[in-house]
Every structure is written in C-alpha cells, then in structure tokens.
Amino acid sequence: MPGIASQRHRFAIPQDLHYLNCAYMAPLSHGVSGAMVEGARLKEQPWNFRPADFFAVVEAFRERAGRLVKVGADRIAVVPSVSYGLAVAAANIPLERGQSIVTLGDQFPSNVYVWQEKAARCGGQVIAVQRPSQSCWSEAVLDVIGPHTAIVAVPHNHWADGRLVDLVAVGEKARAHGAALVLDLTQSLGAMPLDFAAVQPDFAVAACYKWLMGPYGIAMLYVDPKYHDGEPIEHNWINRAGSEDFARLVDYRDDFQPGARRFDMGEKSNPPLLEGAGAALDFLMEFGVEAISAELGHRTEELATEAQDLGLVSAPIGTRAPHFLSLGFPDGVPDGLTQRLAERRVHVSLRGSSLRVTPHLYNTSADTDALVQTLRDCLA
C-alpha cells in the first residue's frame, strides 16, 4: 500500500532545516496560519460578528473534534490547556482518605501536580509506577491497580520514551475496581488511533499544539456522559442555558448548556484559536489518523534500522508508539551532540540519555539523512 507523500509544501519549513521534533511543538501549516489570520480579522469589524457567531465558531470546532475521535460533539469541552482539563476531572472525581491515584514515573508535570494536590487535600496518595527497563508501561500500571485505587491518570504513551500503555486493559481493570480513568493524550491524539468505546475513559484531554497540529492555548476535553451534570471549575456567562439570548443575560439561571459544554473555558469564542485548531483537525482528517499512524510508523522504523547500524538502541513498535522513536546511547550521549545537531540545523529533543525523534508528514528523506549523518559523525 502506498504511503502518504511528504506534505512539506504546506508548511513554512526551509529546505535546509530538518525538524524532527513534533513531540515538542508542531509547526503550523499554511492552512492553519491562514485560518488564524482570518479569524483575527473578524475583530477588525466587530459589527459583523453577530451574537450567534459566539456559539457557531465554537460548535464548528467541537463538531470537528468529535469527528476526529469518533464521539458525539456533546462529549467535547473546549479548554485552554491540559492542566485546565485535568482540573475539571479532579474536581468531579471523588477520592476518599486512604485511596490512591496511579500515574507513571517521570510523567509530564501537568498530569502529576493536580493529583498530588488532590491527594494531599483528601488524604490519599499518588503512586508513580516504574516500568521494567525494556518493556512498555502496561504491566507496571496493571500491577498496582487494586481495591484502593480511585483514579488512574496516564497517557497513551510516555512523553519522553514513547513507550505505550495498553489503555483497553488498564480501563478494564480500573472499572473492575471502581476507579476512574483519566487520560492525557497530548503526545498521541492525532498521531495514533484510540478507540474511545473500547477504552471508556472518564476524562481525556489533549493540547492542540503538538500532534493535533494546531495553535498554542487551546485543547479538547472528552467528558463521559456520567459527568455531564458535574461541577465546572469556573462559572462564565456563555456556558449557562439560554445565553444565546443577549437581551436576557441578567435573567440569571442555574442550568447549563447541554453535554460537556458546561466545562468550556471562559472567552471560548476566540476565532483565531478555534479557526486555526479546526483547520488543523481538517488536515489530519484529510488523511485519517490510522493512515498517519502507519506512515509515521514506517518512517520511525526506517530511522530505527539506520540507527541500529550505528549501535543505537530503540524499542520496537508495539512497545513504543509508532510515531515516537527514542534512541538510546549504550555509552552515554556523546559530548556536544546537541550542538552538532543544531549546527547542521537538525532539530530533535534530548531526554535523559535518549534522543527523542518525532517526525511528521512535513518531513522528507533529506531530514532523516541529515540526522543519521550527524549521528554517524558524532559516533565515529
């Protein structure tokens, strides 16, 4: 089956620059940047931005987000960040004294601090599991879920090493013990398929600026229907029922907009962010997440094979996510490696003793050749 051709022509990436760092931040495509500019221009003439537009621009993004993950739009809230979405989850999931919250060791801080605070406040504890050196994270997570577990807060793959969590198995065990499943999907959503019906998360959040290919400052939050009567962490005018009628906003109401909308952030009707993030989702859906995942897996596998010839080690796909390649140096990271890479305009991330290489559809064979050649020179 033919793969997806490079989409570099749709991005403002110089030909001599080799950006293999999508896990750090995705570059905006011309289409996304253009949509953001057009969204910003709506405020040049605010007399043309009607009351109904405050809602229409949000619903257009919400509908796209629902289609991307194959859930109803009513299950999607529009939030500014992962930390905001996780704060919503923490405010709506009970934790009793003596119960535990399961996380991954060295997990990204946004999915740690909120649980540390909740555990301290409620008399619980956070258990940060450690994985065996050569495996994925699934076994370590499954081993600690038990009768005292209240919340399992994990990603689909670790942000540093790319190794996977079997979310179907983890979700099944969490439910068996009455525990809630909360997911930070920032490093996977858009690049790797996830069956929400099979996993059944209680909450799942993803920032748009990485693998969702969108702007900074906006995220999508999945909320299971059993929480749709829950408590938002802020009380803004537009999330209340009847807020479409601007003439009656001071007829204060106790009820909310339907579904997950009660959890939307204040000032959500932000056309530059929403139009840009929506255009980014359109880009992903043009190819389909399954096809993108397969293509990125093919590219990282090719890189892994070449890196192996240089003596570098990496986990196979299945242990790691297809779009995530972490290269280990048996003798440690060579002195000056990051400087040599920067000098040759090769952009990746160093995480501990591993090099995190995360390509996307904008990359070409010249990018991988530049990386491999620089590594070869440094290891010679």
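In the block above lies the structure referred to throughout.
Notes on the structure follow. All figures in this text were calculated on a predicted structure; none of them were measured in a lab.

**Brief notes about empty space enclosed by the protein**
Now for step 1: Counted according to the given criterion, the structure contains 1 cavity of 30 Å³ or more.
Now for step 2: For the largest cavity, the full set of lining residues is L185, L189, F196, A204, V205, A206, M220 and Y222.
Now for step 3: Of all elements in the fold, only β7 (203–207) and β8 (219–223) reach the threshold of two or more residues within the lining of the largest cavity.
Now for step 4: With 3 residues, β7 is the single largest residue contributor to the lining of the largest cavity.
Now for step 5: Class assignment for the residues of the lining of the largest cavity results in 8 nonpolar, no polar and no charged.

**Describing the packing of helix α1 (residues 30–41) against helix α8 (residues 271–287)**
Now for step 1: Two elements in contact, α1 and α8, have axes separated by 7 Å at closest approach and are oriented at 155°. With respect to α8, the element α1 is oriented roughly antiparallel. When the axes of α1 and α8 are compared, the crossing they make is right-handed. Two secondary-structure elements touch here, α1 through G31, V32, A35, M36, G39 and A40 and α8 through P271, P272, E275, G276, A279 and A280.
Now for step 2: The residue inventory of the contact of α1 with α8, partitioned by class, reads 8 nonpolar, 3 polar and 1 charged.

**Points about the layout of surface pockets**
Now for step 1: A volume near 500 Å³ is recorded for the largest pocket.
Now for step 2: Counting residues per element, the lining of the largest pocket draws most heavily on strand β9 (residues 325–328), which supplies 3 residues.
Now for step 3: For the lining of the largest pocket, the residue count by class is 8 nonpolar, 9 polar and 5 charged.

**Digging into the side chain of N363**
Now for step 1: Positionally, N363 belongs in the loop between β12 (354–357) and α11 (365–379).
Now for step 2: From its side chain, N363 meets the backbone nitrogen of H360 in a polar contact 2.8 Å long.
Now for step 3: In this structure N363 touches S6, R8, Y19, L20 and R299, once residues within four positions along its chain are discounted.

**Digging into the packing of helix α2 (residues 53–69) against α8**
Axes are the key here: two packed helices are described by the angle between their axes and the distance separating the axes.
Now for step 1: Axis separation between α2 and α8 bottoms out at 9 Å; the angle between their running directions is 25°. Our classification of the angle between α2 and α8 gives roughly parallel. Of the two possible hands of crossing, α2 and α8 adopt the one that is left-handed. For the pair formed by α2 and α8, the contact residues are V57, V58, F61, R64, A65, R67 and L68 on the first element and P271, L274, E275, A277, G278, L281, D282, L284 and M285 on the second.
Now for step 2: By residue class, the composition of the contact of α2 with α8 is 11 nonpolar, 1 polar and 4 charged.

**Digging into the packing of aromatic side chains**
Now for step 1: Following the criterion strictly, the structure yields 13 aromatic pairs and no others.
Now for step 2: Relative to F246, the ring of W237 has its centre 5.5 Å away and its plane inclined at 90°; by these criteria the two rings are edge-to-face.
Now for step 3: Its relative accessible area of 40% is what places W237 among the partly exposed residues.
Now for step 4: A network of ring pairs unites the aromatic residues F11, Y19, F283, F287 and Y362 as a single cluster.

**With respect to the sheet that holds β9**
Strand pairing in a sheet relies on backbone hydrogen bonds. The paired strands run either parallel or antiparallel.
Now for step 1: Within the open sheet, the 3 strands sit side by side as β9-β12-β11. Their pairing is antiparallel. Taken across any chain shown, the strands that pair with only one partner, and hence form the sheet edges, are β9 and β11 (349–351). Across the sheet, the mean angle separating the axes of adjacent strands is 30° when strand polarity is ignored.
Now for step 2: Sheet analysis places β11 next to β12, joined by 3 bridges and oriented antiparallel. Residue pairing in the sheet places L350 in a bridge with L355 of β12.

**Brief notes about the sheet that holds strand β5 (residues 149–155)**
Now for step 1: Overall, mixed pairing links the 7 strands, which are arranged β2-β8-β7-β6-β5-β3-β4 in an open sheet. Here the strands that pair on one side only, and so sit at the sheet edges, are β2 (76–79) and β4 (125–129). Direction aside, the axes of adjacent strands within the sheet are offset by 20° on average.
Now for step 2: Strand direction decides the pairing type here: β5 and strand β6 (residues 180–184), joined by 5 bridges, are parallel. Looking across to β6, one finds that I151 is bridged to A180.
Now for step 3: In the packing of α2 onto the sheet, contacts are made with β2 and β8, and the angle to β2 comes to roughly 120°.

**Quick look at the pairing of strand β3 (residues 100–104)**
Now for step 1: Along β3, 5 of the 5 residues are buried, which leaves the element largely enclosed by surrounding structure.
Now for step 2: As paired elements, β3 and β4 share 5 bridges and run parallel to each other. Within the sheet, the bridge partner assigned to S100 lies in β4 and is Q125.
Now for step 3: On the question of chirality, the crossover connecting β3 to the parallel β4 by way of helix α4 (residues 113–122) is right-handed.

Conventions and cut-offs
- Per chain, residue numbering runs from 1 following the sequence as it is written.
- Where totals are concerned, whole chains, interfaces and linings use all residues; where local detail is concerned, this predicted model gives features only for residues with pLDDT of at least 70, and gives and counts side-chain atom pairs only at 80 or more.
- Remark: hydrogens and water are excluded; side-chain values derive from all non-hydrogen atoms of the structure.
- The way it works is a 1 Å grid over only the protein atoms, where trapped points that fit a 1.4 Å probe form a cavity and open points with protein on both sides within 12 Å along at least five of seven lines form a pocket, and then any residue with an atom within 4 Å of a point lines it.
- Grid points are joined across faces, edges and corners, and a volume is the space filled by probe spheres set on the points.
- Think of it this way: any DSSP run of H or I at least four residues long counts as a helix, any run of E at least two long counts as a strand, and we number them from the N terminus.
- Residue classes follow a fixed rule: Ala, Val, Leu, Ile, Met, Phe, Trp, Tyr, Cys and Pro count as nonpolar, while Asp, Glu, Lys and Arg count as charged, and any other residue, Gly among them, counts as polar.
- Lines fitted to C-alpha atoms define the axes, with helix axes restricted to the stretch in contact, and inter-axis angles between N-to-C directions lie between 0 and 180 degrees.
- Any angle that is under 35 degrees is reported as roughly parallel, and any over 145 degrees as roughly antiparallel; angles of 65 to 115 degrees are reported as roughly perpendicular and all others as oblique.
- In this scheme the handedness of a crossing depends on how the near helix is turned from the far one: anticlockwise by less than a right angle means left-handed, clockwise means right-handed.
- Contacts are assigned to residue pairs with any non-hydrogen atoms lying within 4.5 Å of each other.
- We define a polar contact as two N or O atoms separated by no more than 3.5 Å, with the added condition that, inside protein, one atom must be a possible hydrogen donor and the other a possible acceptor, whereas residues neighbouring each other in sequence contribute only through side-chain atom pairs.
- Note on ring pairs: Phe, Tyr and Trp rings are taken, using the six-membered ring of Trp, and paired if centres are within 6.5 Å. Classes follow the plane angle, with under 30 degrees stacked, over 60 edge-to-face and the rest tilted.
- Burial here depends on accessible area, computed with a 1.4 Å probe over protein chains only, as a share of the maximum for the residue type. Under 20% is buried, over 50% is exposed, and the range in between is partly exposed.
- Paired strands, in this sense, are two strands between which DSSP finds at least two bridges.
- By convention, orient the strands away from the viewer: a clockwise path from the first strand over the helix to the second makes the crossover right-handed.

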